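Close look at the chain arrangement
Residues per chain, in single letters:
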Amino acid sequence: MMKRDECFRKLAEHRGEAIVVGTYTSAFEWMQASPSPLNFLSVGAMGQASPHGLGLAIGLPEEKVLVLDGDGSLLMNLGCLVTIANAAPKNLVHFVSVNGCYEANGSHPIPARDKVDFAGLARSAGYAHVFEFDGMNRFAAEIANVLSLPGPVFVALKVVAGDPPPQDYELIHSEKVRREFKAAIAPMLARRKGR
């Protein structure tokens, strides 16, 4: 098993100018690993990280979009796997932190936590590439290749919680964060309209 915050720090090294959609604890940890106005934080929207990411990927097809989902959050909207695979955005990479619990809601176990195969679900849905990592050495060695592949790409990260990040809900829901995100993607939208 890997620590999620360590995975995110390694991912941050390869982020470049990607838009990153994070949800719940993943969002808080990502804010520590890679602060940026290009972080779209969907705390309070369980099951909506991947649809938000899909919308951004479709609307900005020249930009890389990374989704940082959780297994509990994904279970709230499994239909998004088929929708993403069908839309087939080449610029979308969907990471799912698999820890077998609804961590943001008291770490209650998810249903069928010892049976569900998230990588298998994504593969069956039709994602172009599917990966599963449970060790940092292999993840670190392969992440650059994973991010270079045409999407949609699905990555199941077998993780345990890292050090608890600050949970600044006031910041994450603030108008300031939304305003900064809009300003950061404005040039991308302008380039898109100019084509």
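Here the structure is shown first, and the text comes after it.
Computed from a predicted model, the values in this text were never measured in an experiment. The numbers attached to residues start from 1 for each chain and follow its sequence in the written order. Confidence filtering applies because this is a predicted model: local features only for residues at pLDDT of at least 70, side-chain atom pairs given and counted only at 80 or more, and all residues used for totals across whole chains, interfaces and linings. For the side-chain quantities, the full set of heavy atoms in the structure was used; hydrogens and water were omitted.

1. Here's the deal with the overall build of the protein chain
Put simply, the rule is: Secondary structure follows DSSP: runs of H or I at least 4 residues long count as helices, runs of E at least 2 residues long count as strands, and numbering of each begins at the N terminus. The buried label applies to any residue whose accessible area, calculated with a 1.4 Å probe on protein chains only, is under 20% of its type's maximum; exposed applies above 50%, and partly exposed to all values in between. Working rule for contacts: check all heavy atoms of both residues, and any pair within 4.5 Å makes them a contact. Shrake-Rupley sampling with a 1.4 Å probe provides the accessible areas, and residues are treated as covered by the protein chains on show and by no other component.
Across its full length, the protein chain carries nine helices and nine strands. Sorting the 195 residues of the protein chain into buried and exposed places 49% on the buried side. For the protein chain, the proportion of contacts with a sequence separation of at least 24, taken over those separated by at least 6, is 72%. When the accessible surface of the protein chain is split by element, carbon and sulfur atoms take 53% of a total near 9,100 Å².

2. Description of the packing of aromatic side chains
The line we're drawing: Pairing of aromatic rings covers Phe, Tyr and Trp, the last counted by its six-membered ring, and requires centre-to-centre distances within 6.5 Å; plane angles under 30 degrees mean stacked, over 60 mean edge-to-face, and any other angle means tilted.
Inspection of the entire model under this criterion finds five aromatic pairs. With centroids separated by 5.9 Å and ring planes inclined at 80 degrees, the aromatic side chains of phenylalanine 8 and tryptophan 30 adopt a geometry described as edge-to-face. Of this pair, phenylalanine 8 sits in helix α1 (residues 4–12) while tryptophan 30 sits in helix α2 (residues 24–33); the two residues are 22 residues apart in sequence, bridging distant segments of the chain. Tryptophan 30 matches phenylalanine 8 in its accessibility class, with the two residues each being buried. Between phenylalanine 133 and phenylalanine 139 the ring centres are 5.4 Å apart and the planes differ by 75 degrees, which places this aromatic pair in the edge-to-face class.

3. Remarks on the pattern of salt bridges
Filter applied, for reference: Take a side-chain nitrogen of Lys or Arg and a carboxyl oxygen of Asp or Glu: if they are within 4 Å of each other, that pair is a salt bridge.
Per the stated rule, a full pass over the model turns up eight salt bridges. Salt-bridge contacts for glutamate 13 lead to lysine 10; the nearest nitrogen and oxygen are separated by 3.0 Å.

4. Structural notes on the pairing of strand β8 (residues 129–133)
Quick note on the threshold: Note on pairing: DSSP must find at least two bridges between two strands before they are called paired. Note on handedness: a crossover is taken as right-handed if, strands pointing away from the viewer, the path from the first strand over the helix to the second is clockwise.
Two elements, β8 and strand β9 (residues 153–160), share five bridges in a ladder whose sense is parallel. Each bridged residue has a counterpart across the sheet, and for glutamate 132 the counterpart in β9 is alanine 156. The handedness of the β8 to β9 crossover, carried by helix α7 (residues 136–148), is right-handed.

5. Considering the pairing of strand β2 (residues 19–22)
Because side chains alternate across β2, one face comprises the buried residues Ile19 and Val21, and the other comprises Val20 and Gly22, equally buried. Taken together, the four bridges between β2 and strand β4 (residues 65–70) define a ladder with parallel strand orientation. Bridge pairing in β4 links isoleucine 19 to valine 65. In the sheet, β2 pairs with strand β3 (residues 39–41) via three bridges, with the strands oriented parallel. Residue pairing in the sheet places glycine 22 in a bridge with leucine 41 of β3. After leaving β2, the chain enters α2 and then returns to the sheet as β3, a path that is right-handed.

Keep in mind that these numbers describe shape and distance, not what the molecule does.
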